[in-house]
Amino acid sequence: MSYQTIKTETLGRVGLITLHRPEALNALNAQLIDELGRAARAFDEDDGIGCIVVTGSEKAFAAGADIKEMKDKDYAQVKNEDFITDDWEVLSRLRKPTVAAVAGFALGGGCEIAMMCDILIAADSAKFGQPEIKLGTIPGSGGTQRLTRAVGKAKAMELCLTGRMMDAEEAERAGLVAKVVQADQLLDEAMKTAEAVAGMSLPVAITCKEAVNQAFESTLAEGVHFERRVFHATFALEDRKEGMEAFAAKRKPAWKHR
Ligand code: CO8
């Protein structure tokens, strides 16, 4: 498939998507969202892929929805076309684990797309924010919800209501990102993480992702119950047997299902 606003590459069992609209700091226009959705779905459906990495440029992961494309829309239009359709949420619906590798600006929809990924790794140059309030609007693709779940009400309120940016160190302290690395090592680190995940048994990795996500959708008791049920279910897999036998035999597991 050929794309104009993103680049894709398959590196071993990792699918790499690079947002690529350098003239607009990777602002998310309709074409980019369409291409990102198609590429992400294609990797998700590809048996050769175990993990997907989404990244941007050194200067920007993505500076938000394309303001120039959005500015002339009126209420009837956004309502009728259901602006920010499900396509914008594609990354949150993938079955396979995803890693966001963020350098530079991750603002508005850019921050929201990064937060849709399962593991967020930041370069020390990363800047996160939901500046929509400065444009007279509010986040529209989960910013008020995912940011609040990640960093808590106090910081999410402050960030959304003032529109200020938070740097990588603050984002790590607040629990938004898994780790911060030097900018020139961002992609290497993200790939290492993605390769480690892609090296696991795929049905187990998918199950594990589902179980962690359940924490955001249920009470503690329901979540623990769900976890117990899917934990039991892993005992139906040959890979569960293989993993434990390999440990006992002091060898590396040879997963059957990848
Ligand atoms: N939309 C369109 N163009 C943009 C955007 C954007 N969001 N951000 C930057 N650009 C363009 C600039 O207009 C400029 O273009 P040109 O050279 O033609 O003038 C080019 O990119 C470079 O940008 P700057 O010259 O502004 O670069 P600076 O380094 O001076 O500033 C900033 C960088 C601080 C990131 C600045 O560009 C900025 O504030 N950008 C807007 C950030 C913003 O407000 N983002 C939120 C957008 S609203 C939103 O995301 C709603 C989300 C809805 C749901 C999305 C679902 C995924």
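Structure: above.
Keep in mind that this is a model prediction, so the values were computed, not measured.

### A closer look at the pairing of strand β2 (residues 14-19)
Moving residue by residue along a regular strand, the side chains alternate between the two faces of the sheet. Across the six residues of β2, six count as buried, placing the element largely inside the fold. Where burial is concerned, the two faces of β2 agree: the one with V14, L16 and T18 and the one with G15, I17 and L19 are both buried. The pairing of strand β1 (residues 6-11) with β2 spans six bridges and is antiparallel. When the sheet's bridge partners are listed, K7 is paired in β2 with T18. Joining the antiparallel neighbours β1 and β2 is a turn of two residues, in which G12 adopts a positive phi near 60°. Across five bridges, β2 lies against strand β3 (residues 51-55) in parallel orientation. Each residue of the ladder has a partner; that of L16, found in β3, is V53. For the crossover from β2 across helix α1 (residues 30-45) to β3, the handedness is right-handed.

### Side note on a negative patch on the surface
On the surface, E58, D124, D184 and D188 cluster together into a negatively charged patch. One can find D124 in the loop between β7 (119-123) and β8 (127-129).

### Quick look at the packing of aromatic side chains
Inspection of every chain in the model, using the stated rule, returns two aromatic pairs. Between F83 and W88, the aromatic rings sit 5.8 Å apart at their centres with planes inclined by 80°, giving edge-to-face as the arrangement. When its relative accessible area of 21% is taken as the criterion, F83 is described as partly exposed. W88 gets classed as buried once you look at its relative accessible area, which sits at 10%. With centroids separated by 5.3 Å and ring planes inclined at 75°, the aromatic side chains of F231 and F235 adopt a geometry described as edge-to-face. Using a relative accessible area of 40% as the deciding quantity, one classes F235 as partly exposed. Just above the ring of F83 sits the side chain of K73; from NZ or CZ to the centre is 5.0 Å.

What counts as what
- Residues numbered from 1 in each chain as written.
- Predicted model: local features only at pLDDT ≥ 70, side-chain atom pairs only at ≥ 80, totals over all residues.
- Heavy atoms only, no water.
- Buried < 20%, exposed > 50% of the residue type's maximum accessible area, 1.4 Å probe, protein only.
- Helix = DSSP H or I, 4+ residues; strand = E, 2+ residues; numbered from the N terminus.
- Pairing = 2+ DSSP bridges.
- Right-handed = clockwise from strand over helix to strand, strands pointing away.
- Patch = residues over 30% accessible without salt bridge, like charges linked within 9 Å, V, L, I, M, F, W, Y side chains within 5 Å.
- Areas by Shrake-Rupley, 256 points an atom, 1.4 Å probe, with all protein chains shown as cover.
- Salt bridge = Lys/Arg side-chain N within 4 Å of Asp/Glu carboxyl O.
- Lys, Arg positive; Asp, Glu negative; His and termini not counted.
- Charge placed at Lys NZ, Arg CZ, Asp CG, Glu CD.
- Phe/Tyr/Trp six-rings, centres within 6.5 Å; stacked < 30°, edge-to-face > 60°.
- Lys NZ or Arg CZ within 6 Å of the ring centre and 35° of its normal.

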